[in-house]
Amino acid sequence: MRRSKIAEATSQLSSMRVKLEQYFQDNRTYVGACAAGTVAPLPASPQVKYFTFTCPTLTATTYTVTATGVAGQGMTGFVYTIDQANNRATTSVPTGWNAATNCWTLKKDGSC
């Protein structure tokens with residue numbers, strides 16, 4: 001069940017990367033993205049259910065988008081990120097899961 005919910009995070013992060021690159025092409029900066037009314041708004045309910053999305057890093061030339069699992073949906077401990085260089089990372093997984101740092105962990109054994 002959890003593995004199917006992870007797909008929400010990975011698909012939305014991939015989509016955000018495309019939107020942020022479009023925002024950069026239009027504005028020559030990432031600053032101001034991840035906001036409602038832009039071409040790169042953060043995914044929110046009802047579009048997403050199992051993860052919350054944030055942009056903790058937005059500079060002129062860099063960004064990081066983070067997907068954090070929602071506790072009430074059984075996704076506590078899952079945290080995934082993507083950045084402007086398309087670096088995909090798993091920064092946290094729940095107890096009993098193995099995390100890969102250079103990709104998005106999709107399975108309990110740590111495989112991507």
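See above for the structure.
The rules behind each value
Here, residues in each chain are numbered from 1, in the same order as that chain's written sequence. Totals for whole chains, interfaces and linings use every residue, but because this is a predicted model, local features are given only for residues with pLDDT of at least 70 and side-chain atom pairs only at 80 or more, for both listing and counting. Side-chain numbers come from the whole structure's heavy atoms, not from hydrogens or water. Think of it this way: any DSSP run of H or I at least four residues long counts as a helix, any run of E at least two long counts as a strand, and we number them from the N terminus. The size measure is the radius of gyration over C-alpha atoms, and the globule rule it meets is 2.2 Å times the number of residues to the 0.38 power. Aromatic rings from Phe, Tyr and Trp, taking only the six-membered ring of Trp, are treated as a pair when their centres fall within 6.5 Å; an angle between ring planes under 30 degrees marks them as stacked, one over 60 as edge-to-face, and anything in between as tilted. Only protein chains enter the accessibility calculation, which uses a 1.4 Å probe; a residue is then buried when its area is under 20% of its type maximum, exposed when over 50%, and partly exposed in between. Note on terminology: disulfide denotes any pair of cysteine sulfur atoms within 2.5 Å. By the convention used here, strands pair only if DSSP detects at least 2 bridges between them.

Colleague: Can you lay out the overall build of the protein for me, pointing to particular residues and giving the numbers?
Modeller: Helices and strands together make up the secondary structure of the protein, namely 1 helix and 4 strands. The secondary structure elements of the protein, listed N-terminal to C-terminal, are α-β-β-β-β. In terms of overall size, the protein behaves like a compact globule, its C-alpha atoms giving a radius of gyration of 14 Å where 112 residues would be expected to give roughly 13 Å. Overall, the protein is about 45 × 30 × 15 Å in size when its C-alpha atoms are taken along their principal axes.

Colleague: I'd love a proper account of the packing of aromatic side chains, names of residues and values included.
Modeller: Tallied over the full model, the rule gives 5 aromatic pairs. Each ring, one from Phe78 and one from Trp97, has its centre 4.9 Å from the other, and the planes form 85°; the classification is edge-to-face. Taken together, the positions of Phe78 in the loop between strand S2 (63-69) and strand S3 (79-83) and Trp97 in the segment after strand S4 (88-92) put the pair 19 residues apart, joining distant regions of the chain. Note on Phe78: relative accessible area 0%, which makes it buried.

Colleague: Describe unusual backbone geometry, and please don't skip the residues or the numbers.
Modeller: Cis geometry is adopted by the peptide bond preceding Pro46, which originates at Ser45 and carries an omega value of 5°. The phi dihedral of Cys34 is positive, around 65°, even though this residue is not glycine. The topology assignment puts Cys34 in the loop between helix H1 (2-27) and strand S1 (51-58). Given a relative accessible area of 13%, Cys34 falls into the buried group. If you check the backbone angles, Asn86 has positive phi at about 65° while not being a glycine. A relative accessible area of 29% places Asn86 in the partly exposed class.

Colleague: Before we move on, can you summarise the state of the cysteines with the specific residues and values?
Modeller: Here a disulfide denotes one covalent bond, and it connects the sulfur atoms of two cysteines. Overall, the coordinates contain 2 disulfides when judged by the stated rule. Disulfides within the protein link the bonded cysteines, taken in sequence order, as 1-2, 3-4.

Colleague: Any chance you could break down the pairing of S4 for me, citing the residues and the numbers?
Modeller: Successive residues of a regular strand alternate their side chains across the two faces of the sheet. As defined by bridge partners, S3 adjoins S4 across 4 bridges and the pair is classed as antiparallel. Residue Ile82 lies in a different strand from S4, and its bridge partner there is Arg88. Here S3 folds back onto S4, and the loop between the two strands holds 4 residues, one of which, Asn86, carries a positive phi near 65°.

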